[in-house]
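Fold and contact review
Spelled out, the chains give:
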Amino acid sequence: MAEKVLVVGGGGREHALAWKLAQSPQIQQVLVAPGNAGTASCGKISNSEVSVSNHAILAQFCKDHHVGLVVVGPEVPLAAGIVDDLTAAGVPCFGPSAKAAQLEASKSFSKAFMERHGIPTARYGSFTDPQEACNYIRTADFPALVVKASGLAAGKGVIVAKDQDEACQAVMDIMKDRAFGSAGETVVVEELLEGEEVSCLCFTDGSSVSPMPPAQDHKRLQDGDLGPNTGGMGAYCPTPQVSQELLQQIRETVLQKTVDGMKEEGSPYVGVLYAGLMLTKQGPKVLEFNCRFGDPECQVLLPLLQSDLYEVMLNTLSGKLVSSAPVWHQDSSAVTVVMASAGYPGSYKKGVEITGLSQVQDSGLQVFHAGTALKEGGGVVSSGGRVLTVTAVGPSLEKALQAANQGVAAIGFPGAVYRRDIGHRAIAHLNQHRGLTYKDSGVDIAAGNKLVDMIKPLAKATSRAGCNAELGGFAGLFDLKAAGFVDPILVSGTDGVGTKLKIAQACGQHGGLGQDLVAMCVNDVLAQGAEPLFFLDYFSCGRLDVDVAASVVGGIAKACEMAGCALLGGETAEMPGVYAAGEYDLAGFCVGAVERGALLPRMGDISEGDLLIGLASSGVHSNGFSLVRKVLERAKLSYSSPAPFGKAEQTVGDVLLTPTNIYSRLLLPILRSGAVKAYAHITGGGLLENIPRVLPQELAVDLDASRWSIPRVFSWLHKEGGLSEEEMARTFNCGLGAVLVVAPLDAQRVLRQLQAHEEAWIVGSLAHKQQGAEPVVVRNLKHSLQNAGPASCGDLDVKQNGGCHGDGSTPRKRTRVAVLISGTGTNLQALIEQAKRPSSCAEMVVVISNRPGVQGLKRASLAGIQTRVVDHKLYGSRAEFDGTIDRVLEEFGVELVCLAGFMRILTGTFVKKWNGKLVNIHPSLLPSFKGVNAQKQALQAGVRVAGCTVHFVAEEVDAGAIIVQEAVPVLCGDTEDSLCDRIREAEHRAFPAALELVASGAVRLGEDGHIVWKSSPQS
């Protein structure tokens, strides 16, 4: 359910927080209290007048209005314990506790804390007596010229003095004249540090830290860092002065040490930790801590956050930062320029009208409001010192600053004060003359070395007989003799993954491409009967993103393990200017071997009448994606759209990025048995062009698309793209990832071997090719595409012979059936025999038993049906047991479940989920003699007729709508055993009949719980 979030505060920082939170699809509404003109009514964002100072009232408001999270912007409420009070009232709140917030609320506490935990900071003294503070200033052996009010002073309680006299005057102003009120009862006098000042913030869950890109604030009012100190006149991010190495040092010596120290002292710090640092010659030193986002740093950080801020905050609160670190936009800079009222930071006029805001936002810039209010009758007026911030994001700092300054110039705000040189230190740093390095050209050797170190153990895990898969040499070695070959022929293959890359890059899902790459190459060498031995990859990019590359190569390594080949080596090519930002390309190379006498295809053995067995694909695999992308463009679907051809909650991207099946481990034992004459990988060229590649020219292929299951993605592409049957068959695999050629005598044995691990079907045969005829004919393709997917049997009629036909008696796709058993499985056998009939509407895909080793499992295995054991004794509750059963059913894409002697009572949750798809058989004529011992009950009641009932399962035992009943007379002298035997015979007739009725769609369960029969067409 979509959440409501409340942001506490009314400045530019809070507008930025609300703006970013509102982008989350999980959030329905963002309330801001008190807010400003920018948050008054903007899409999901609106203001609230609830009191944020009375925490009890605020907690009740959150409960009454179903607020799922409170996000605190400013430091004052945090120091006042808002997080503690709301959390105690059961309202989740993002930010540190009052104890943890002392890091900002008390500078004397903060300095002592850093001293206790060895966190680098300026030398200091803390004083409650002004005279002692002045003596310290005059006698210290370092320039003690920084004077700070210890308490909260709205970011203005710091004076950097020019000399000792000015520092002493600052002490008097703060302590005697109470320039900052009670915040100045204690002052901290610090050493004046020299260097570059930066802001390093992080998210922290109390144990781990996740740093944000470093930023830099500009405190002085005027260009060139002149004029009085302010709350901040602008900021930019990231700061080039902070290298990755330096940021890692800051993470370890400041941020992580601080979080560890707070945890050690019993005040775990959870939320955003802000470290204001000076980059001195001795290394980074802490100037101050803040316990929240900075303002205006927040306005440049959040536009660069790629992740969902709401999810980041939830992960922070739940301690999951390590496993779900926030992701930031790379190769972009953000600049924000503050527009302040004339007279700021002194006295200023309010109520000045501001114009041009909408035009600036329309130009792609973001205006965050701070001191603004809505004017009666419409319009926006100033109501504070810092009034607006204009934020721009660009490919470089210079371009972002230029865009922000243009935005400021376009706003009508009479007398506004603002700086035009935000980021000037960074620009000077970047323009410094220095010698070029290879990294300056865009090639990062250190990143490449880091990648190799990351993937070495992954490659090592793929070692196999003949190869130890050690990376780092000039070439890789493979010992064929050690791998067991006697008279081998080497087989090589190379391929890529096409424009499936574009989808993975757009979705940020890179790991599955590794399996695609390996599968495309391995499945090719299988066509010669070869065992894949080793694999090499080629990864090229414009700029190496180590995490992305590691994800791809990690996927390659896992896929090599699946395929049984070693990842022997590879090449990572960083080529600036060749690829756009975020783009990369892949190629793979596989080498296999086959004994000379086992080479495929065996052209001389392939003959007319041989059968074709199709192996299921996982979807589109890795071919035809340029056409897929064109169809998506026509349909106006994005990769994040809910998939009209996938499971619930799957996006278009999720379905399209399903990895390509790898067939080597499944097929090699079967290929080596000699039963397979040829194997075709259905790759580029689809069904029409790949199968003929392994056949003699005088033979033609006759395929029947009604015989295999076509994934719904192909049906959707066919319909939305207006694609012809020929285009579909020439471009896509249409549900078949590979096709085997076998003799009719071997077909059933091979099929059973395949079906033990993968979906497979006899899909066609070979015939003599007539002159001028097409080499491949695919019958019923259009009809099957139009009826692909789980619901395609819904329009079928059941004929007298139990057949499953549509218009013109064309066979349709079968309903996928699972059978749940507990014992011998005599009813199971009857169902298996029914499903084997060519005319059946049911395809039995899995048999599940709650007891291991029972006879029913053997019956299923002998029939070539996959089995699973879910032992109820291993589960602590019925719900856990049922949940596992449910996952198995989902795994096999089951559409109908039959209970055949299943001796467990299913939970109401399970029954509700499978309502109308769950069928049971009971040995009585229901509603008579429910429950156990039905035959005994019938004999005791003295009835003359017993029987059996097949019914839909309802939450009440044996109470569901009845599908089929068969009467069995009770004979004189009947015992329980004799009556049971005759009822069982009736069950073996009734259950298969009911299976066909439901699987064909002739019978279904109505919304009112009663049977609905499909009316037959008029003859």
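None of these values were measured; they are calculated from a predicted model.

Thresholds, definitions, all that
- Residues numbered from 1 in each chain as written.
- Predicted model: local features only at pLDDT ≥ 70, side-chain atom pairs only at ≥ 80, totals over all residues.
- Heavy atoms only, no water.
- Helix = DSSP H or I, 4+ residues; strand = E, 2+ residues; numbered from the N terminus.
- Contact = heavy atoms within 4.5 Å.
- Areas by Shrake-Rupley, 256 points an atom, 1.4 Å probe, with all protein chains shown as cover.
- Lys, Arg positive; Asp, Glu negative; His and termini not counted.
- Charge placed at Lys NZ, Arg CZ, Asp CG, Glu CD.
- Pairing = 2+ DSSP bridges.
- Axes fitted to C-alpha atoms, helices over the stretch in contact; angles between N-to-C directions.
- Expected span 1.5 Å × (residues − 1).
- Patch = residues over 30% accessible without salt bridge, like charges linked within 9 Å, V, L, I, M, F, W, Y side chains within 5 Å.
- Salt bridge = Lys/Arg side-chain N within 4 Å of Asp/Glu carboxyl O.
- Left-handed = near helix turned anticlockwise from the far one by under 90°.
- Nonpolar A, V, L, I, M, F, W, Y, C, P; charged D, E, K, R; others polar.
- Disulfide = S-S within 2.5 Å.
- Buried < 20%, exposed > 50% of the residue type's maximum accessible area, 1.4 Å probe, protein only.
- Phe/Tyr/Trp six-rings, centres within 6.5 Å; stacked < 30°, edge-to-face > 60°.
- Lys NZ or Arg CZ within 6 Å of the ring centre and 35° of its normal.
- Parallel < 35°, antiparallel > 145°, perpendicular 65-115°, else oblique.
- Core = buried A, V, L, I, M, F, W, Y, C linked by side-chain atoms within 4.5 Å.
- Right-handed = clockwise from strand over helix to strand, strands pointing away.

Below, the discussion takes up the overall build of the protein. Across its full length, the protein carries 32 helices and 45 strands. The principal-axis extents of the C-alpha atoms in the protein amount to approximately 115 × 75 × 55 Å. A sequence separation of at least 24 residues applies to 73% of the contacts in the protein between residues at least 6 apart. If you sum the accessible surface of the protein, you get close to 43700 Å²; carbon and sulfur atoms cover 50% of it. Within the protein, the 105 negative side-chain charges are centred at a point lying 3 Å from the centre of the 90 positive side-chain charges.

Read across the sheet, 4 strands follow the order E7-E10-E8-E9 without closing on themselves; strand pairing throughout is antiparallel. Only two strands of the sheet have a single neighbouring strand rather than two, namely strand E7 (124-127) and strand E9 (158-160). Strand-to-strand twist across the sheet, computed as the mean angle between neighbouring axes with direction ignored, equals 15 degrees. Looking at chain direction, E7 and strand E10 (residues 187-190) are connected through 4 bridges and run antiparallel. Residue pairing across strands places tyrosine 124 opposite glutamate 190, the latter belonging to E10. Across the face of the sheet, helix H7 (residues 130-139) comes into contact with E7 and E10 while running at roughly 165 degrees to E7.

Attention shifts here to helix H15 (residues 445-460). Helix length check: H15 (16 residues) gives 22 Å between terminal C-alpha atoms against 22 Å at 1.5 Å per residue, within 8%. In this structure, the buried residues of H15 make contact with helix H18 (546-563) and strand E27 (566-574).

A contiguous patch of positive charge, built from Arg851, Lys873, Arg878 and Arg904, is present on the exposed surface. Residue position: lysine 873 is located in the loop between strand E39 (866-869) and helix H29 (878-891).

A few words on the packing of helix H31 (residues 934-941) against helix H32 (residues 976-1000). Geometry of a packed helix pair, given as the angle between the helix axes and the separation of the axes. Contact pair H31 / H32: the axes reach a minimum separation of 9 Å and the direction vectors enclose 115 degrees. Read as a crossing pair, H31 and H32 show a hand that is right-handed. Here Gln935, Lys936 and Leu939 of H31 lie close against H32, whose contacting residues are Glu976, Leu979, Cys980 and Ile983. When the residues that make up the contact of H31 with H32 are grouped by side-chain class, the tally is 4 nonpolar, 1 polar and 2 charged.

What follows deals with the state of the cysteines. Throughout the structure, instances matching the rule amount to 0 disulfides. Here cysteine 507 is not disulfide-linked; the sulfur of cysteine 541 is the nearest cysteine sulfur, at 20 Å. The class for cysteine 507 is partly exposed, based on a relative accessible area of 24%. The closest cysteine sulfur to the non-disulfide-bonded cysteine 590 is located on cysteine 565, 5.1 Å from its own sulfur.

Enumeration according to the criterion identifies 40 salt bridges in this entry. In this structure, lysine 677 and aspartate 610 form a salt bridge, with 2.9 Å as the shortest nitrogen-oxygen distance. With a gap of 67 residues between them, lysine 677 in strand E30 (residues 676-681) and aspartate 610 in the loop between strand E28 (584-595) and strand E29 (611-616) connect regions that are remote in the sequence. By relative accessible area, which is 9% here, lysine 677 ends up buried. With a closest N to O distance of 2.8 Å, aspartate 974 and arginine 982 form a salt bridge. One continuous salt-bridge network, built from bridges that share partners, spans Glu196, Asp223, Asp225, Arg419, Asp421 and Arg425.

On the secondary structure map, lysine 500 appears in helix H16 (residues 500-507). On the basis of relative accessible area, lysine 500 is assigned to the buried category, the value being 0%.

Attention now goes to the environment of cysteine 168. Mapped onto the elements of the fold, cysteine 168 is located in helix H8 (residues 164-175). Note on cysteine 168: relative accessible area 7%, which makes it buried. Excluding its chain neighbours within four sequence positions, the residues that come into contact with cysteine 168 are Cys134, Ile137 and Arg138.

Here we take up the packing of aromatic side chains. In this structure the tally under the stated criterion is 12 aromatic pairs. On the numbers, 6.1 Å between centres and 80 degrees between planes, the contact of phenylalanine 203 with phenylalanine 293 is edge-to-face. Of the two residues, phenylalanine 203 sits in strand E11 (residues 196-205) while phenylalanine 293 sits in the loop between strand E18 (283-290) and helix H10 (297-301), which places them 90 residues apart along the sequence. Each member of the pair, phenylalanine 203 as well as phenylalanine 293, is classed as buried. Following the ring pairs from residue to residue traces out a cluster consisting of Phe127, Tyr136 and Phe142. In this arrangement the basic side chain of arginine 904 is found over the ring face of phenylalanine 881, its NZ or CZ atom lying 6.0 Å from the centre.

Strand order in the open sheet formed by 3 strands is E20-E23-E22, and the pairing between neighbours is antiparallel. Pairing within the sheet leaves two strands with one partner each, and these edge strands are strand E20 (353-354) and strand E22 (372-374). The sheet contact formed by E20 and strand E23 (residues 380-382) spans 2 bridges and is antiparallel. For isoleucine 354, the partnering residue across the bridge sits in E23 and is valine 380.

Closest axis-to-axis distance for the helix H19 (residues 625-635)/helix H23 (residues 712-721) pair is 10 Å, and the angle between their directions is 60 degrees. Considering the angle they form, H19 stands oblique to H23. Note on packing geometry: the crossing formed by H19 with H23 is left-handed. On the side of H19, the interface is formed by Val628, Val631, Leu632, Arg634 and Ala635, while H23 contributes Trp716, Leu717, Glu720 and Gly721. For the contact of H19 with H23, the class distribution of residues is 6 nonpolar, 1 polar and 2 charged.

What follows is about the nonpolar core. Residues Phe535, Leu703 and Trp708 are the most contacted members of the largest nonpolar core, which totals 87 residues. Ranked by residues supplied to this core, first place goes to H18 with 11 residues. Sequence-distant contacts of leucine 703, that is, excluding residues within four places in its chain, are made with Leu612, Leu687, Ile691, Trp708, Val763, Gly764, Val776, Val777, Val778 and Arg779. Counting residues in hydrophobic clusters, the runner-up holds 46 residues, among them Leu6, Leu31, Val52 and Val254.

On to the pairing of E27, then. Pairing analysis gives 8 bridges linking strand E26 (residues 531-541) to E27, with the strands arranged parallel. Residue tyrosine 538 lies in a different strand from E27, and its bridge partner there is glutamate 571. Traced from E26 through H18 to E27, the parallel crossover comes out right-handed.

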